[in-house]
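These are the residues of each chain, in order.
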Amino acid sequence: MGIPVLILGESGSGKSTSLRNFEPSEISIFNVAGKPLPFRKKLPKATISDYGKIMAGMQKSDKKSFAIDDSQYLLCFEMFSHAKETGYQKFTDMALNFYTLIKFVIDRLQNDVIVYFLHHTETDANGKLKAKTVGKMLDEKLTVEGLFSIVLLCQTDGTRHYFVTQSDGYTTAKSPIDMFDLEIDNDLKFVDTKIREYFEI
């Protein structure tokens, strides 16, 4: 039983930068949009936007940590590929594909494997910050955060970047009791270590 972790944040909030303290032997990155990492350290990454190839890549690897950066582009690119199709079935299919990926992590990977979904945010009609999808039609099918027990929110005040680990009522951030302080440095290597200590894996 693998552990999926959702890392939310606006562009520039520090999602990709949070990978900086991993060593190349510790993590592999599925770079969905093919963008360069925002630091000099060379971490293993592959430009892949296909669900099947991502799942196959995780299954055949001996790594214990993976990142999908940025995972909302899996939804976005699939939406573009079906843009000319009419009807509601495509939204159901998109929700199912994303759900299947998360369930693959939970059901098919070893219990010491952690997969970080780096994902953009949007604000809903009620002013709540949430995981970005591709519209209300998909939101009716899938609540992304509901599939994760750990959701960290990347934020910056212009001088520092940090993770918020619990909701203030206006975000979907959450984490198990006593796993983290309310705010921590945006360091996914630190997060990775704390998760392994907490669950004793």
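What you are looking at is a predicted structure, and each value in this text was computed from that prediction instead of being measured.

J.: Honestly, the overall build of the chain in this entry has me stumped. Any pointers?
T.: From N to C terminus, the chain includes five helices and 10 strands. A globule of 201 residues ought to have a C-alpha radius of gyration of about 17 Å, and the chain, at 16 Å, matches this closely. Each principal axis of the C-alpha atoms in the chain carries an extent, and together these give about 45 × 40 × 30 Å. For the chain, contacts bridging at least 24 residues in sequence account for 64% of all contacts bridging at least 6. As displayed, the chain offers around 10,100 Å² of accessible surface, 51% of which is attributable to carbon and sulfur atoms. Within the chain, one finds 25 positive and 27 negative side-chain charges whose respective centroids are separated by 6 Å.

J.: Any chance you could explain the layout of surface pockets here in plain terms?
T.: If a probe as big as a water molecule is rolled over the atoms, it shows which places are left empty. Quantified by volume, the largest pocket comes out at close to 290 Å³. Around the largest pocket, the lining is made up of 17 residues, and of these Glu-122, Asp-124, Ala-125, Lys-130 and Asp-139 lie nearest the centre. Taken together, the elements giving at least two residues each to the lining of the largest pocket come down to β6 (121-123), β7 (129-131) and α4 (136-139). In terms of residue class, the lining of the largest pocket is built from four nonpolar, six polar and seven charged.

J.: When you look at the sheet that holds strand β1 (residues 3-8) in this model, what are you seeing that I'm missing?
T.: In sheet architecture, strand pairing relies on hydrogen bonds along the backbone and comes in two forms, parallel and antiparallel. As summarised here, the arrangement of the eight strands in space is β3-β2-β4-β5-β1-β8-β9-β10, forming an open sheet in which the pairing is mixed. One side of each edge strand has no neighbouring strand; the edge strands of this open sheet are β3 (45-46) and β10 (183-185). The sheet contacts of helix α1 (residues 51-60) involve β2 (27-31), β4 (65-69) and β5 (114-119), and relative to β2 the element is tilted by about 175°.

J.: How should the environment of Leu-147 be read in this particular structure?
T.: Among the secondary structure elements, Leu-147 is positioned in the loop between α4 and β8 (151-156). Looking at Leu-147, the relative accessible area reads 22%, which means it is partly exposed. Between the alpha carbons of Leu-147 and Ile-106 there is a distance of 9.7 Å; along the sequence they are 41 residues apart. When residues no more than four places from it in sequence are discounted, the contact partners of Leu-147 are Pro-4, Tyr-99, Ile-102, Ile-106 and Leu-142.

J.: Please explain the packing of aromatic side chains as it appears in this structure.
T.: Taken as a whole, this structure holds six aromatic pairs when the rule is applied. Centre to centre, the rings of Phe-22 and Tyr-116 are 6.4 Å apart; their planes meet at 55°, and the pair counts as tilted. Of this pair, Phe-22 sits in the loop between β1 and β2 while Tyr-116 sits in strand β5; the two residues are 94 residues apart in sequence, bridging distant segments of the chain. Assessed through its relative accessible area of 0%, Tyr-116 is described here as buried.

Conventions used here
Residues numbered from 1 in each chain as written. Predicted model: local features only at pLDDT ≥ 70, side-chain atom pairs only at ≥ 80, totals over all residues. Heavy atoms only, no water. Helix = DSSP H or I, 4+ residues; strand = E, 2+ residues; numbered from the N terminus. Rg over C-alpha atoms; globule rule 2.2 N^0.38 Å. Contact = heavy atoms within 4.5 Å. Areas by Shrake-Rupley, 256 points an atom, 1.4 Å probe, with all protein chains shown as cover. Lys, Arg positive; Asp, Glu negative; His and termini not counted. Charge placed at Lys NZ, Arg CZ, Asp CG, Glu CD. 1 Å grid on protein atoms, 1.4 Å probe; cavity = no way out; pocket = protein on both sides within 12 Å on 5 of 7 lines; lining within 4 Å. Points joined across faces, edges and corners; volume = space filled by probe spheres on them. Nonpolar A, V, L, I, M, F, W, Y, C, P; charged D, E, K, R; others polar. Pairing = 2+ DSSP bridges. Axes fitted to C-alpha atoms, helices over the stretch in contact; angles between N-to-C directions. Buried < 20%, exposed > 50% of the residue type's maximum accessible area, 1.4 Å probe, protein only. Phe/Tyr/Trp six-rings, centres within 6.5 Å; stacked < 30°, edge-to-face > 60°.

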